[in-house]
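Survey of secondary and tertiary structure
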Amino acid sequence: MHLHLADRYRVGTSPVHRLDPRVKILLVLTYILGLTLAAPGAWASYAAFLAVILTAAGLSGLGFAYALRRSYVAVPFVLAAAALPFTVRGPTLSALPVLGWPVSELGLVLFLSIGLRTWLAVQAAILLTATTAFPDLLWGLGALKVPPALVAVVGLMYRYLFLAGDEALRMMRARQARAAALPGARPPPVVWQARVAGRMIGSLFLRAIERSERVYGAMLARGYDGRTRSLIHFQMSARDWAALAAGVLLAAGCLGLQGAT
Amino acid sequence: MHHTLEVRDLHFTYPDGRAALRGVDLFVAPGEKVALVGPNGAGKSTLILHLNGILRGQGEVRVCSLPMEDTNLGRIRASVGVVFQDPDDQLFSPSVGDDVAFGPLYMGLPGDEVERRVSSALAAVGMPEAGGRVSHHLSGGEKKRVAIASVLSMEPEILVLDEPTAGLDPRGRRGLIRLLAALPQTMLVSTHDLRMVGELFARTVVLDQGKVVVDGPTAELMADAALLAAHGLEA
Amino acid sequence: MPASPAHLHIPDGFLSPAVAALGWVIATVVLALAFRQTGRQLGDRMVPMMGVLAAFIFAAQAINFPVAAGTSGHLIGAALAAIVLGPWASLVVMTVVVGTQALLFQDGGLIALGWNIVNMGALAAFGGYAAHRAVIRLTGDHRPARLGAAFAAAWVSVEAGAVATSFELAASGTTDINLALPAMASVHALIGIGEGLLTLAALTILMAARPELLRQEEEAGGRGQALFVLTAVALTLLLALAVPLASSNPDGLQAVAQAQGFSDLARAIWAGPAANYLVPGVGDPARATIAAVGLGTLIVCGVAIGLGRLSRRGSRTAG
């Protein structure tokens with residue numbers, strides 16, 4: 001009974017799975033940075049970046065299409081850039097059939113470039129979460145000098161996410177169960193609906209505050225003193241360093257292909 | 001005589017005015033296994049929260065001869081392993097292994113000692129392979145076991161459990177009873193499950209309306225139906 | 001996890017490196033302050049409280065109510081958190097939520113995360129908080145005033161994030177400010193109403209069950225600091241983004257770039273997605289929207305203040 005909050009991690013033993021989480025985080029950031037630095041219209045670069053991510057997906061044992069299939073999350077926001085082909089001034093390519101809006105080549109290139117980059121970046125992020133268990137990911141962030149208090153809070157949030165999600169789901173189901181509608185009756189007004197939803201949220205808030213007090217007590221009972229401590233889980237191996245170096249070089253190489261369009 | 005737990009004339013009133021403990025006396029010797037029973041609202045959970053200093057009332061509380069004072073809290077909490085009623089409140093780390101390691105880690109133990117304790121605690125509760133799992137994937141019974149392990153890893157002198165069998169299905173309950181029977185630690189267990197009390201605990205303390213009303217051999221209490229009924233208990 | 005439909009989560013690829021970097025700088029500074037402040041406020045309760053409440057916000061964002069024709073409204077929560085916990089704690093909680101949405105669910109990019117944290121964390125929390133304080137100060141703290149203040153806080157928190165987002169996108173050359181700003185501001189003006197209703201209703205539950213929580217927040221210190229930071233953030237944002245926008249002289253940019261022999265890479269770093277292309281400047285539609293948003297904020301707060309004052313007068317004469 002989970003509210004869409006499925007664990008993104010896919011258990012596996014591929015070379016990608018076994019990489020140090022710090023390396024994976026850095027590789028993904030390097031990849032996305034490389035993408036961000038690639039100029040619009042650098043199709044050769046983009047093709048190279050695509051090849052890299054597909055190879056990584058293949059190496060991870062999840063299949064080439066794994067990240068591809070899940071990358072549709074990027075779509076809605078890309079629409080924000082959809083105005084570009086029509087607003088950027090420049091030589092026109094053609095005009096839209098019905099509306100007659102002129103489509104500028106530059107704007108189209110810009111739009112497609114942004115879309116491609118977002119799409120590729122999302123795939124990289126998907127691969128990261130699919131090959132790295134969240135606790136390990138958190139540990140990796142902490143080891144990369146993200147402040148320990150922040151890491152601790154995220155860890156706790158993750159742990160209680162599913163519980164909170166279940167509570168919310170149960171409340172919504174209870175609401176549904178009482179939402180009988182007689183034939184011919186008008187549905188209740190929006191303001192009333194908002195009030196019901198808001199009250200549910202208020203209840204959840206209360207329960208969360210009370211739970212946080214209990215969790216605090218449980219932490220105290222096991223010796224919590226306000227400071228964050230954790231065990232060392234991973235050591236960098238030669239393979240980890242090699243992967244990191246390879247990744248950086250690849251990103252630089254893909255970028256270098258910019259002039260080749 | 002050295003006592004693991006000494007509570008003398010403990011009084012506690014909640015901020016909203018509810019008097020939860022009205023003069024509780026309790027002594028638990030090393031090796032004893034004691035059941036704490038009573039109706040809801042008797043003060044059982046409140047009493048438990050005094051044993052590791054989360055609540056502080058009037059009266060005297062000593063754990064392993066240490067008086068309940070701020071300077072002793074660290075050692076006291078290492079000596080009293082409290083397992084609360086809702087395991088979800090106690091499994092707050094990203095993974096099972098992290099939760100079991102939490103206690104020893106905060107005791108300041110070195111990494112390899114922590115690892116050793118985690119393995120032995122998980123083994124003691126019958127879940128040696130669970131270290132990498134995430135808590136929300138566990139069943140109710142498994143969560144309770146991990147909660148116990150998270151406290152065992154601190155190697156406390158006494159285990160205090162609040163309603164350990166509540167909410168478990170018969171199989172889970174049987175497994176937990178077996179586990180509690182096998183653990184060697186001194187124990188104080190608050191429960192409504194009188195059948196478990198009869199099986200595991202030689203001594204029973206009955207708490208009602210914030211006071212201890214009965215403290216003696218379990219067998220005697222179970223035989224006295226009138227006494228049980230008077231305090232909202234059913235054998 | 002379906003995103004909160006306000007969908008201000010900017011993905012990677014939409015912001016120029018310079019703009020994104022600025023976002024990270026602001027986010028880091030503000031977050032550091034927030035952790036220090038929240039640590040002082042909550043002591044060793046901070047980690048469990050912030051963690052569990054972040055989980056709550058996440059789940060609360062999933063609660064829906066039907067708006068019209070199959071669409072539903074959702075809570076964002078920054079204002080609610082700011083009213084109950086204070087702006088700093090709200091910032092921490094929202095940052096954790098937004099960061100997790102980016103990391104786990106690819107809702108928002110990783111390089112764009114800096115600005116997403118600023119928009120949906122800092123600006124939302126502080127904008128809402130400032131509106132709340134302003135209304136309360138001008139009406140008193142009786143119940144109708146609090147509800148009005150809550151509504152105003154929620155509306156402002158949503159609108160602030162939306163306005164900022166459109167500026168960041170425009171400064172990166174991804175959209176035309178004259179299109180983006182009116183579009184985002186108007187859509188979020190409506191979303192803000194939903195947020196206001198939800199926040200209000202949630203607050204009534206909290207006021208009934210744990211009034212001392214809200215009173216605690218009122219009495220907590222750090223008010224001056226909070227407003228100071230808000231102003232600083234807002235000013236920095238405006239200044240930093242006005243620069244590339246103001247230099248809407250693309251020919252000038254091109255000329256400079258060529259004269260200095262900048263490579264494609266360097267040009268990409270400065271002008272981002274719009275490198276080599278024309279960046280439309282701030283035109284009338286954008287200016288008009290800025291004015292409209294400002295006016296809208298004043299109206300929402302003004303109505304809340306007015307109603308609050310009226311109800312106070314009413315209760316005085318009735319009492």
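Residues numbered from 1 in each chain as written. Chains lettered and ligands numbered in written order. Predicted model: local features only at pLDDT ≥ 70, side-chain atom pairs only at ≥ 80, totals over all residues. Heavy atoms only, no water.

**Considerations on the overall build of chain A**
The helix and strand inventory of chain A stands at 11 helices and 2 strands. Looking at chain A alone, contacts between residues at least 24 apart form 75% of all its contacts between residues at least 6 apart. For chain A, the accessible area works out to roughly 12200 Å², and carbon and sulfur atoms hold 67% of it. (Helix = DSSP H or I, 4+ residues; strand = E, 2+ residues; numbered from the N terminus. Contact = heavy atoms within 4.5 Å. Areas by Shrake-Rupley, 256 points an atom, 1.4 Å probe, with all protein chains shown as cover.)

**What to know about unusual backbone geometry**
In this structure, Lys145 of chain A takes a positive phi of about 75 degrees despite not being glycine. Looking at the element boundaries, Lys145 of chain A is found in the loop between α8 (134-143) and α9 (148-177). Here Lys145 of chain A falls in the exposed class, since its relative accessible area comes to 74%. Despite not being glycine, Ser65 of chain B has its phi angle at roughly 70 degrees, a positive value. For Ser65 of chain B, the position within the fold is in the loop between β4 (58-63) and β5 (66-67). (Buried < 20%, exposed > 50% of the residue type's maximum accessible area, 1.4 Å probe, protein only.)

**Quick word on the interface of chain B and chain A**
Buried accessible area, meaning the area lost when the parts come together, often serves as the stated size of an interface. Listed as interface residues are 31 residues of chain B and, on the opposing side, 29 residues of chain A. When chain B packs against chain A, the two sides together hide about 2500 Å² of surface, and 60% of this comes from carbon and sulfur. By the criterion of area lost to chain A, the three top residues of chain B are Phe92, Tyr106 and His136 of chain B, representing 30% of everything that side buries. Seen at the junction of chain B and chain A, the total is 5 salt bridges. (Buried area = accessible area lost by both parts, 1.4 Å probe. Salt bridge = Lys/Arg side-chain N within 4 Å of Asp/Glu carboxyl O.)

**Examining the environment of Val52 of chain C**
Structurally, the position occupied by Val52 of chain C is in helix α2 (residues 46-60). You can call Val52 of chain C buried: its relative accessible area is 3%. For the pair Val52 of chain C and Val93 of chain C, spaced 41 residues apart in sequence, the C-alpha to C-alpha distance is 9.2 Å. With residues up to four places along the chain from it excluded, the contact list for Val52 of chain C reads Leu156, Tyr160, Ala208, Arg211, Ser212 and Val215 of chain A.

**Some details on the pairing of strand β10 (residues 211-217) of chain B**
Looking along a regular strand, one sees side chains alternate from face to face of the sheet. Residues and elements named next belong to chain B. With 6 bridges connecting them, strand β9 (residues 203-208) and β10 associate as antiparallel partners. By the bridge assignment, Leu207 is partnered in β10 with Val212. Here β9 folds back onto β10, and the loop between the two strands holds 2 residues, one of which, Gln209, carries a positive phi near 50 degrees. (Pairing = 2+ DSSP bridges.)

**With respect to the sheet that holds strand β3 (residues 33-37) of chain B**
The strands making up a sheet associate through hydrogen bonds between their backbones, and the pairing can be parallel or antiparallel. Residue and element names in this part refer to chain B. Taken in spatial order, the 6 strands of this open sheet run β6-β7-β8-β3-β9-β10, and their pairing is mixed. Among the strands making up the open sheet, the edge pair consists of β6 (80-83) and β10. Here the strands of the sheet are splayed against their neighbours by 15 degrees on average, with no regard to which way each runs. Where strand β7 (residues 158-162) lies against strand β8 (residues 186-190), 5 bridges are found, and the strand directions are parallel. Bridge pairing in β8 links Val160 to Leu188. Against the sheet, helix α1 (residues 44-51) contacts β3, β6, β7, β8 and β9, and its axis sits at roughly 150 degrees relative to β7. (Axes fitted to C-alpha atoms, helices over the stretch in contact; angles between N-to-C directions.)

**What to know about the interface of chain C and chain A**
Between chain C and chain A, the residue contacts involve 69 residues of the former and 81 residues of the latter. Interface of chain C and chain A: buried area, both sides summed, is about 6900 Å²; carbon and sulfur atoms make up 80% of it. Here chain C and chain A share 2 salt bridges between them. In this structure, Glu213 of chain A and Arg210 of chain C form a salt bridge, with 3.2 Å as the shortest nitrogen-oxygen distance. Inspection of the region where chain C meets chain A yields 7 residue pairs in polar contact (both at pLDDT 80 or more). Of all elements in the fold, only α1 (17-42), α2, β1 (64-68), α3 (78-85), α4 (87-105), α7 (177-209) and α11 (264-271) of chain C reach the threshold of two or more residues within the side of chain C that touches chain A. (Polar contact = N/O pair within 3.5 Å; in protein donor to acceptor, adjacent residues only side chain to side chain.)

**Considering the sheet that holds strand β1 (residues 5-13) of chain B**
Residue and element names in this part refer to chain B. Pairing within the open sheet is antiparallel, and its 4 strands lie in the order β2-β1-β4-β5. Of all the strands in the sheet, just β2 (19-28) and β5 have a single pairing partner and so form its edges. Looking at chain direction, β4 and β5 are connected through 2 bridges and run antiparallel. In the strand pairing of β5, Val63 is matched with Leu66.

**Considerations on the side chain of Thr100 of chain C**
You can see Thr100 of chain C is positioned in helix α4. Ignoring sequence-local partners within four residues, the contact set of Thr100 of chain C consists of Val154 and Met157 of chain A together with Phe58 and Phe105 of chain C.

**Looking at the confidence of the model for chain B**
The share of residues in chain B with pLDDT of 70 or more is 100%, and the mean pLDDT across the chain is 91. Predicted complex metrics record ipTM = 0.84 and pTM = 0.81. (pLDDT = per-residue confidence, 0-100.)

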